[in-house]
Amino acid sequence: MKELIENLLHRALEHLNAGEDMAAANLYRDLLERVPDHSEALHLLGLAEQRLGELDAALLHIAKAVQIEPDVGLYRLNLGVLLTEAGRFVDALAMLRSVLEQDDPIEEVHYALGNALDAAGDVPGALASFRRSAVLQPDHSQTFNNIGLILREMGEIEEAIDHLERAVQTTSPFPPAFSNLCAAYTDSGRLPEAILAGRNAVSQSPDDANAHYNLGNALAESEASNDAVENYREAVRIAPDFTDAWINLGVAYLSDDYPASALEAFDRALSLDHQSADAHWNRSLSLLKLGRLAEGWPGYDWRWKAVPWLDRRESDAPQWRGEILNGQTVLVHAEQGYGDTIQFVRYLPEIARRGGRVKFACQPALKRLLSSIPEMESVTGYGEPAGAFDFHLPIMSLPEAINLEDPATAAQTIPYLSAPAVDITIPSADGRPKVGLVWRGSQINKKGMFRSCRLVDLEPLIMMEANQFYALQPDVEEAERALLSRYGVVDLSSQIADFADSAALTATMDLVISVDTAQAHLAGALGRPVWTLLARGADWRWFIDRDDSPWYPTMRLFRQETRGDWRSLLACVAKALPAALPSLR
């Protein structure tokens, strides 16, 4: 009998080690029919059942093994792991701590205890247990991986990277650690390293949706949209219910000017999570970019939940939704960038046409310029008292409130801003066409940097001596002045204190050439000829596949063919300029 039992144990263990869990479980059950209280067989049967997903049976059998031999720490350890998996955290913690109280505690218990504490929501306790595990098991990849994950969640990115690097450098690296390292490198902006770690992750675990997702994120941050799309598509193929991967797939499509494909991805995400703010918000951007304004505006309200940096000004007054007003006052407030404000202030008089009075609170740099808009009761800068009002309205909710459906109607308002009388000095152009230049937008966020080019990219233009170029860039850097001087470009930045000054200077130009900044909107709003240079994946308001703008009839659009390639785009502009200027003067 003993020899038979040993033989069954040996065969079952061979199957278990080979990953043949069902065969192993059947042999252990055969053995237990002969020896019902065989603790080792009960324990190993429980492990096989755990791997088969039979959690209740696994708990029953390992608990019985512990009952038969309570001093065997390995049985208690694995029962604690099972209890954690079952969500019975109090029982799991008690069981695992009991292992630590034994005379010869098992080193692995600190790792298991860390997992249980983390699952129970005790993150500091989990981190302490994992750190103890790292001391006792310096070659245990999962321990360093878990420390890295916790530190990343805490925002301690560089320390997280240190531990995740340790995780992938152990003798037997935990495969998900490569993907987690990719994500941490991406957080830190170390994108080449992120992509390398991500490629290692998908190479080792080609069926891991998270590995493809994290690599996709690194590629997207590197502006490699096509490669990002490929990895997001693979992630959702492996895990069709991966909501975040569908969202990021849509964002990647949108950033590469494929709004229709993006819309499909966002719809799929919303079928999985109807309350996803990111999916609703980006879906609205896709619809707007396709020119389907009436469908896009309602979803635009999700920006408040999807974009945490937006400045939502709270008010006790209700939000105006477009109803007829009987002399009541609406306080409209700017909320995003200068360009958004300039583009949509043209619709403020619509409130007056519906029987209301209008007050406007805007960025201080716009106050002097916008004070000339007709039918305005007041224009105040942020922080200044606006006085009493009955309703409030964020300016980017104004299009929905007035049912703006056709952007072509915008042309009827041009010009809707006028340059105030300010003291400016424009050096003579000696009869040559005057061309204003703006090459950089806000550098505060990634979107502003993405839209901007470098002054050196403008060399194909500014070397054209038939024109007199003027720098309308308000923040010319010291290092840029030498290049401006070399080509005789007049630097007007010292005369620009706010947008009223910019408007006065712009009004004197025969043409403004600008990247996608507020200056382009300003020239369009003044009715001045303006050529706007768009990065690939430009903002929704420029739509797709057109070189004009319904918002500004005096605007011509030049679009990048290849992301980041400003030189080719500027060469096209330089080629078009000589023929165009005579008709613009």
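Located above this text is the structure these notes cover.
Every value quoted in this text rests on a predicted model; they were computed, and no experiment measured them.

So, how was this worked out
- Residues numbered from 1 in each chain as written.
- Predicted model: local features only at pLDDT ≥ 70, side-chain atom pairs only at ≥ 80, totals over all residues.
- Heavy atoms only, no water.
- Helix = DSSP H or I, 4+ residues; strand = E, 2+ residues; numbered from the N terminus.
- Rg over C-alpha atoms; globule rule 2.2 N^0.38 Å.
- Buried < 20%, exposed > 50% of the residue type's maximum accessible area, 1.4 Å probe, protein only.
- Contact = heavy atoms within 4.5 Å.
- Areas by Shrake-Rupley, 256 points an atom, 1.4 Å probe, with all protein chains shown as cover.
- Axes fitted to C-alpha atoms, helices over the stretch in contact; angles between N-to-C directions.
- Parallel < 35°, antiparallel > 145°, perpendicular 65-115°, else oblique.
- Left-handed = near helix turned anticlockwise from the far one by under 90°.
- Nonpolar A, V, L, I, M, F, W, Y, C, P; charged D, E, K, R; others polar.
- Pairing = 2+ DSSP bridges.
- Right-handed = clockwise from strand over helix to strand, strands pointing away.
- Core = buried A, V, L, I, M, F, W, Y, C linked by side-chain atoms within 4.5 Å.
- Expected span 1.5 Å × (residues − 1).
- Polar contact = N/O pair within 3.5 Å; in protein donor to acceptor, adjacent residues only side chain to side chain.

A few words on the overall build of the chain. The helix and strand tally for the chain stands at 29 helices and eleven strands. Over its C-alpha atoms the chain spans a radius of gyration of 32 Å, topping by over 25% the 25 Å that the globule rule assigns to 585 residues. Its C-alpha atoms give the chain principal-axis dimensions of about 110 × 60 × 40 Å. In the chain, buried positions account for 54% of the 585 residues. By sequence separation, contacts in the chain at least 24 residues apart represent 60% of the contacts at least 6 residues apart. Per element, the accessible surface of the chain, about 26000 Å² overall, is 50% carbon and sulfur.

Running from N to C, helix 5 (residues 73-85) and helix 6 (residues 89-100) cross one another at 160°; their axes reach a closest spacing of 8 Å. When the axes of helix 5 and helix 6 are compared, the pair comes out roughly antiparallel. Where helix 5 crosses over helix 6, the handedness of that crossing is left-handed. Touching G73, R76, L77, L79, G80, V81, L83 and T84 of helix 5 are F89, D91, A92, M95, L96, S98 and V99, all from helix 6. Across the contact of helix 5 with helix 6, the residue classes break down as nine nonpolar, four polar and two charged.

It is worth spelling out the sheet that holds strand 9 (residues 530-534) at this point. Reading across from one edge, 7-6-5-8-9-11-10 is the order of the seven strands in this open sheet, with mixed pairing throughout. One side of each edge strand has no neighbouring strand; the edge strands of this open sheet are strand 7 (490-491) and strand 10 (548-549). Relative to strand 9, strand 8 (residues 511-515) is paired through four bridges, and the arrangement is parallel. Residue pairing in the sheet places S514 in a bridge with T532 of strand 9.

On to the pairing of strand 9. Of all five residues that make up strand 9, five are buried, and the element is covered over most of its length. Residue alternation in strand 9 divides its side chains into two sets, V530, T532 and L534 and W531 and L533, and both sets are buried. Following the chain from strand 8 across helix 28 (residues 518-525) to the adjacent parallel strand 9, one finds a crossover that is right-handed.

Core analysis: the biggest nonpolar cluster contains 162 residues, and W320, F360, L370, L417, W540 and W551 have the highest contact counts within it. Considering every element that reaches this core, the biggest residue donor is helix 15 (residues 243-255), with seven residues. Not counting the four nearest positions on each side in its chain, L417 is found in contact with I342, V345, L369, L370, I373, L522, A525 and L526.

Here the focus is the pairing of strand 6 (residues 468-471). Burial along strand 6 is two-sided: the face carrying Q468 and Y470 and the face carrying F469 and A471 are both buried. Bridge count for strand 5 (residues 434-438) against strand 6 is four bridges, and the pairing is parallel. Pairing of G436 across the sheet is with Y470, part of strand 6. With two bridges joining them, strand 6 and strand 7 adopt parallel strand pairing. Within the sheet, the bridge partner assigned to A471 lies in strand 7 and is D491. You can see the chain leave strand 6, run along helix 26 (residues 478-486) and come back into strand 7, and the turn it takes is right-handed.

It is worth spelling out the sheet that holds strand 3 (residues 378-381) at this point. Taken in spatial order, the four strands make up an open sheet running 3-2-1-4, and their pairing is parallel. A single partner strand is all that each edge strand has here, and the edge strands are strand 3 and strand 4 (391-394). Within this sheet the neighbouring strands show an average axis-to-axis angle of 20°, counted without direction.

Attention shifts here to the side chain of H280. Within the fold, H280 resides in helix 17 (residues 277-289). Discounting residues that sit within four places of it in the chain, H280 has contacts with L270, H274, Q275, G299 and W302.

Okay, the side chain of Q343 next. Secondary-structure assignment places Q343 in helix 20 (residues 338-344). A relative accessible area of 0% means that Q343 is categorised as buried. When neighbours within four sequence positions are excluded, Q343 is seen to be in contact with Y416, H521, R541, W551 and Y552.

For helix 13 (residues 209-221), with 13 residues, the first-to-last C-alpha span of 18 Å sits near the 18 Å given by 1.5 Å per residue. Counting buried positions along helix 13 gives ten out of 13 residues, so the element sits mostly inside the fold. Those residues of helix 13 that sit buried are A209, A211, H212, Y213, N214, L215, G216, N217, A218 and L219. Lining the buried residues of helix 13 we find helix 11 (175-188), helix 12 (191-204), helix 14 (225-238) and helix 15. Measuring from the side-chain oxygen of the N-cap residue of helix 13 to the backbone nitrogen of N210 gives 2.9 Å; that N-cap residue is D208. At the C-terminal side of helix 13, E223 shows a positive phi close to 65°.

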